[in-house]
Amino acid sequence: MSALLEVKNLQVRVEDREILHGLSLTVNKGEVHAIMGPNGSGKSTLSHVIAGKPGYEVTGGEILFKGEDLLEMSPDERAAKGVFLAFQYPVEIPGVATMTFLRTALNAQRKARGETELSTPDFLKKVREVAASLNIPQDMLRRGVNVGFSGGEKKRNEVLQMALFQPSLCILDEMDSGLDIDALRIAADGVNALRSSDRAMVVITHYQRLLNYIVPDYVHVMSKGRVVKSGGKELALELEESGYAQFEEQAA
Amino acid sequence: MPAELETVERVRRIDVDQYRYGFETIIESEKAPKGLSEDTVRFISEKKNEPAWMLEWRLEAFRRWQTMQEPTWARVDYPKIDYQDLYYYAAPKKKPELASLDEVDPEILKTYEKLGIPLREQEILAGVVRPEGERRVAVDAVFDSVSVATTFQKELKQAGVIFMPISEAIREHPDLVKKYLGSVVPTSDNFFATLNSAVFSDGSFVYVPPGVRCPMELSTYFRINERNTGQFERTLIIADKGAYVSYLEGCTAPQRDENQLHAAVVELVAHDDAEIKYSTVQNWYPGNSEGKGGVYNFVTKRGDCRGRNSKISWTQVETGSAITWKYPSCILRGDNSRGEFYSIAISNGYQQVDSGTKMIHLGKNTTSRIISKGIAAGKSQNTYRGLVSAHRKALGARNFTACDSLLIGDKCGAHTVPYVEAKNASALFEHEATTSKISEDVLFYCVQRGLSQEEAVGLVVNGFVKDVLQQLPMEFAVEAQKLISISLEGSVG
Amino acid sequence: MNVAVVKPTPERALGELFATARDRLPGSGIVSEVREAAFAEFAKRGLPNRRVEEWKYTDLRALLREVAPLAAAPDQAALAKAATAVAALDVIDAYKLVLVDGVFAPKLSDVSALEAGVRLNTLSEVLEDRDNKVRGDLLLTNATSDVMVSLNAAMATDGFVLNVDDNVALKKPIHIVHVATQTGTAAFTRSLLRVGKGAQATLVESFAAAAGAQTYQVHDAVVVWVGDDAQVQHVRLVEDSHDASNVSTAIVTLGAKTQFNSFNLTSGSVLSRYQGFLRFGGEHANATINGVNLLKDRQHGDTTLVLDHAVPHCDSREVFRAVVDDRAHSVFQGRINVHPDAQKTDARMMTRALLLSDEAEADNKPELEIFADDVQCGHGATTGALDESLLFYLRARGLSEKEAQALLIQAFVGEAMESIADEQLRELAIATAERWLAARG
């Protein structure tokens, strides 16, 4: 069986600085992987490179997604293939109504996959269902994308898109940052509802707290641009006890 | 609204006659013959014992000046200046060689004492108790056309810093002067700068060698004393690679019925990784309550961020002068260089201010920041005029500009004239401007809490200018704050 | 052997321009005198150059070089070509009034359909009317001494004089369509609209070329008086051919408690200048003056607005957006004058430029001139490229680069279009922007 996502010996630079020094990671369908590590360990860089954010230079290694070379694809091609990045800081787009944005994005993905565009009634029905399950009021959908949204609303909007686009790989970048416990629970419930045997998730987080809500199958610890330890969910608890310091030395 | 009426009434009775630096010093002085000709230029050059190249430089400027027109684009209005009816050089009579400060005319020393400018190092060192860690300030005092004293020369010399009157620098460091003089503000730059190039008499010269952080604040104190005398000082500051210097100038003039002309030029050069912080507290005589007298302040100030990562920061508190025409600017030539302009311009009575800055982005990733606070009271006119431009090759240029105006009374005017010019897509410019009055609600709130109307206005104005005051060296921030209150006295507070 | 071509001096060319046109210009007596004086003013000052502060960024001496000779009156063939162009613009439900090469074309217009309460004359017929003692005033204004307005007064061949009676609410917009059919000539038009007290009217102006018309010049002026309590919308769409020039002026005077809502969209012309002079003449009036420049190739588009808050208690809002691609150059100058007694003025202006290419240029000059203290005035100006993080977010959600750009650009210009009250006009503006975006490819 071929893996959904294979990151092999990935080396990445930003300007003159190498951030990832040969990182490898394999994620199969149906699995939830957590990537933990201190600030500056390269967690967010990994998520950005998988999604294709400009400004990163891949100097070595490869990323295969469903067996295809992901690094050769533009960000929108990756999205159409099923890569979804839930942003740590979702941007505000004034003047573009959330509803317009959702429909444009969904249809762009469908078109790229050679599928027919969703009819307006079908689209509206689907959005309303998902929005209701995430406690997203209708008026939020009429406003500009994320404009004036609270931190929790922005994250719920990310989960809404995840539910709508049905990607095969979800990368959740520091999904808990800036959320209080109630907002976190709502967002996490939304994510858990999307867990399935067809879909994999990579949960990036600094704190173990999030993993109480989204329980991973595997935990990887990153330090200084490498995965320094991998294990089961108990590894997260262990980290909570002992901190990252032990790995810092190991990586150096 | 009685409070409002009272305010308006006060504005009518406005009293700029409270100018505290308006006394005259009676001393003997030596002047060039009235009027401007090649002979005047030769006279000045000879008085200064200048080398031949310097005279040539001046004469060339003078010849060019004769072909130039006085600019009219600024929003200032004044009777035609008769350039032949002025003296271009005045110096206190002195003994041939000045061995020490003791030989300076005691009247002049008294003048500076009265102005609160200490010139005796021992006094500064021994004098009043100073809080621990407070920085000392080296002062160059310019009285009319000449520098009368420069303090802390020895200590600065040890650090390798050259701080001396520019007339001395021309003789003692001709190579440095030749290399930099006119390299930022060319002799042909504009009418007033060209005039200055022909007849400048003195001013300060600063050179900070590579890697040196100037051990103290440097300061020049300008005083116009003589009647009908133009003051044309020239300042040149060079921060070599990795150097840092903070420089402050202060200005006052006696109270006179006729207008005095001041046309200065300041040139700053910052090499790689160097930083120059230039602060001005300008308090030339603003004229009386009828708009009679006062200094015409036509000044060209420009900094050249010549090297990579260099930084030039202008801070000005402009409260004086009948007319202010002044645009301290930055040429951001070096990659990653930064220019800053922080300004408080207060006009009262019949004062006219047309001031602002130019940020010329030429290098890559250059940044600039402009914070301008204009306060107009009485019958004054207060204009912010600024240019932000990004050259085609100035990739990644960034500017943020905020200019706010506050009007006190309904007989004054506040104007904002920004030019924002982008010639490449990666430039990111943000400009915002507001004009408002002091909210009656805020005043009422303060008065209800026990402040007087004047205190309340002072509070609001000080809040309004806070962002800029913070940029001043600490020693002067307090002084500037007091000055602001004094400038607005009689308007409201 | 080469024959030396003597280039006429600008002065001589100017003199010829008026001399050769004189016989064709309607009006005699007082009208001729006004024209002579206006032309003398123009001849004295010539085309504005960059040393004229108001024209600093649009140096007509360099960009326009000279005023083209007056266009000939359209013949049958020209009218036929114009008819095709007008049909293409006929997408809104309005009373259409067509000017072809500066001359009224009744057969292409909807004159008979006009509602009761609207009086229409052509400019030429009023100028020719010897019984009308004030006919010379149609060519005069005290709102500006701009030299291009003087040129327009000297040379105007036709236009409309429209009156909307008090308390009449027009059901449909009046749509003045300017069509050029010739190459290398200039059309000079001037229209006047007086809207009575409590009346409601919408004026739309379109500028377009008939097939084959090139390098022509449009010199237009519109003068609008809005009576007390009246509501007026003014929408302009400049879609001239890509090598044409368009220099237009709008002069607006607002009465008390009026609502004035204007929008200008410039996507055509290699060189365009739209200058608006708006004066608040009565208290409690409210004006929204918005505009969008969509420029590419080597287009130069200048929008210059001067607002005079001459009386207290008026509000103004200005929102301007420029989208600049290729080597195009956008200029926005906006000046707000608050006169000494205009207390309680609330004036805001926001101008933003989006540069899509490294060689694009945008100059913004927002100005405030304030002589009253109890006012709230502000302006903002930004210049920049499309936000990379927004683009990435959209692409990460599956939009192609062009789709993502188009969505953001539409949102960007949409902020200036929201204020167009009339839905069909708003949609027309949006559709024009969409066409422009689609043409970017």
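Residues numbered from 1 in each chain as written. Chains lettered and ligands numbered in written order. Predicted model: local features only at pLDDT ≥ 70, side-chain atom pairs only at ≥ 80, totals over all residues. Heavy atoms only, no water.

The next point concerns the overall build of chain C. When its secondary structure is counted, chain C shows nine helices and 19 strands. Relative to a compact globule of 441 residues, whose C-alpha radius of gyration would be 22 Å, chain C shows 21 Å and is just as compact. In terms of principal-axis extent, the alpha carbons of chain C reach across some 65 × 65 × 45 Å. The buried share of chain C, reckoned over its 441 residues, is 62%. Carbon and sulfur atoms make up 49% of the accessible area of chain C, which totals about 16,700 Å². Between the averaged position of the 44 positive side-chain charges in chain C and that of its 60 negative side-chain charges there is a distance of 3 Å. (Helix = DSSP H or I, 4+ residues; strand = E, 2+ residues; numbered from the N terminus. Rg over C-alpha atoms; globule rule 2.2 N^0.38 Å. Buried < 20%, exposed > 50% of the residue type's maximum accessible area, 1.4 Å probe, protein only. Areas by Shrake-Rupley, 256 points an atom, 1.4 Å probe, with all protein chains shown as cover. Lys, Arg positive; Asp, Glu negative; His and termini not counted. Charge placed at Lys NZ, Arg CZ, Asp CG, Glu CD.)

The partner chain A presents 31 residues to the 17 residues of chain C that form the contact. Summing both sides of the interface, chain C and chain A together bury roughly 1,900 Å²; the carbon and sulfur share of this comes to 71%. Considering only the side of chain C, the residues that lose the most area to chain A are Phe 392, Tyr 393 and Arg 397 of chain C, jointly responsible for 42% of the buried surface there. Scanning the region where chain C abuts chain A turns up two salt bridges. Taking the shortest distance from any N to any O, the salt bridge between Asp 76 of chain A and Arg 395 of chain C comes out at 2.5 Å. Of all the secondary structure elements, the ones that give two or more residues to the side of chain C that touches chain A are α7 (388-396) and α8 (401-417) of chain C. Take the side of chain C that touches chain A: its biggest share by element is seven residues, from α7 of chain C. (Contact = heavy atoms within 4.5 Å. Buried area = accessible area lost by both parts, 1.4 Å probe. Salt bridge = Lys/Arg side-chain N within 4 Å of Asp/Glu carboxyl O.)

So, about the pattern of salt bridges. What the rule picks out here adds up to 54 salt bridges over all chains. Residues Glu 62 of chain A and Lys 8 of chain A are paired through a salt bridge, measuring 3.6 Å at the closest nitrogen-oxygen approach. Note that Glu 62 of chain A is positioned in strand β4 (residues 57-65) and Lys 8 of chain A in strand β1 (residues 5-14), a separation of 54 residues in sequence. Residues Lys 423 of chain B and Glu 361 of chain C are paired through a salt bridge, measuring 3.4 Å at the closest nitrogen-oxygen approach.

Residues and elements named next belong to chain A. If you walk across this open sheet you meet the six strands as β6-β9-β10-β3-β11-β12, and the pairing is mixed. Edge positions in the open sheet fall to β6 (83-86) and β12 (226-231), since each of these has one partner strand only. Strand-to-strand, the axes of this sheet are offset by a mean angle of 20°, without reference to chain direction. Examined bridge by bridge, strand β3 (residues 32-36) and strand β10 (residues 200-205) share five bridges and lie parallel to one another. The residue bridging Met 36 from the neighbouring strand is Thr 205, located in β10. Against the sheet, helix α9 (residues 234-242) contacts β3, β11 (218-223) and β12, and its axis sits at roughly 115° relative to β12. (Pairing = 2+ DSSP bridges. Axes fitted to C-alpha atoms, helices over the stretch in contact; angles between N-to-C directions.)

Before going further, it helps to spend a moment on the environment of Arg 65 of chain C. Turning to its location among the elements, Arg 65 of chain C is positioned in the loop between α3 (60-63) and α4 (76-89). Setting aside its immediate chain neighbours within four residues, Arg 65 of chain C contacts Leu 47 and Leu 60 of chain C.

Okay, the nonpolar core next. Core analysis: the biggest nonpolar cluster contains 117 residues, and Ile 93 of chain A together with Phe 263 and Met 417 of chain C have the highest contact counts within it. A total of nine residues in this core trace back to one element, the largest contributor, which is α8 of chain C. Beyond its immediate stretch of four places on either side in the chain, Ile 93 of chain A contacts Gly 144, Val 145 and Val 147 of chain A together with Leu 390, Tyr 393, Leu 394 and Leu 408 of chain C. In this structure, Cys 305 and Cys 330 of chain B together with Leu 114 and Met 349 of chain C belong to the second largest nonpolar core, which totals 102 residues. (Core = buried A, V, L, I, M, F, W, Y, C linked by side-chain atoms within 4.5 Å.)

On to the sheet that holds strand β2 (residues 17-27) of chain A, then. All names here are of chain A. On the basis of which strands lie adjacent, the open sheet formed by four strands has the order β2-β1-β4-β5 and antiparallel pairing. Edge positions in the sheet fall to β2 and β5 (68-69), since each of these pairs with one other strand and no more. The pairing of β1 with β2 spans eight bridges and is antiparallel. Across the sheet, Val 12 pairs through a bridge with Leu 20, a residue of β2.

By a widespread convention, an interface's size corresponds to the accessible area lost as its parts come together. Taken residue by residue, the interface counts 31 residues in chain B and 34 residues in chain C. Here chain B packs against chain C, burying approximately 2,600 Å² in sum over the two surfaces, 47% of which is carbon and sulfur. Of all residues in chain B, Tyr 419, Ala 425 and Thr 435 of chain B give up the largest surface area on contact with chain C, accounting jointly for 20% of the area buried on that side. On inspection of chain B and its partner chain C, the count reaches three salt bridges. With a closest N to O distance of 2.6 Å, Arg 75 of chain B and Glu 369 of chain C form a salt bridge.

Residue and element names in this part refer to chain C. Counting buried positions along strand β6 (residues 186-195) yields nine of ten residues, so the element is predominantly enclosed. Relative to β6, strand β4 (residues 160-164) runs parallel, the two being bridged by four bridges. Directly across from Val 164, in β6, lies its bridge partner Val 195. Here ten bridges tie β6 to strand β8 (residues 217-226), and the two strands are oriented parallel to one another. From the neighbouring strand, Arg 190 faces β8, where its bridge partner is Ala 221.

Let's shift gears to the packing of helix α3 (residues 52-66) of chain B against helix α9 (residues 191-199) of chain B. Residue and element names in this part refer to chain B. Where α3 meets α9, the axes come as close as 7 Å, and the angle between the chain directions of the two elements is 145°. Pair α3 / α9 crosses with left-handed handedness. Across the interface between the two elements, Trp 57, Arg 58, Ala 61, Phe 62, Arg 64 and Trp 65 from α3 touch Phe 191, Thr 194, Leu 195, Ser 197, Ala 198 and Val 199 from α9. Here the contact of α3 with α9 is composed, by residue class, of eight nonpolar, two polar and two charged. (Left-handed = near helix turned anticlockwise from the far one by under 90°. Nonpolar A, V, L, I, M, F, W, Y, C, P; charged D, E, K, R; others polar.)

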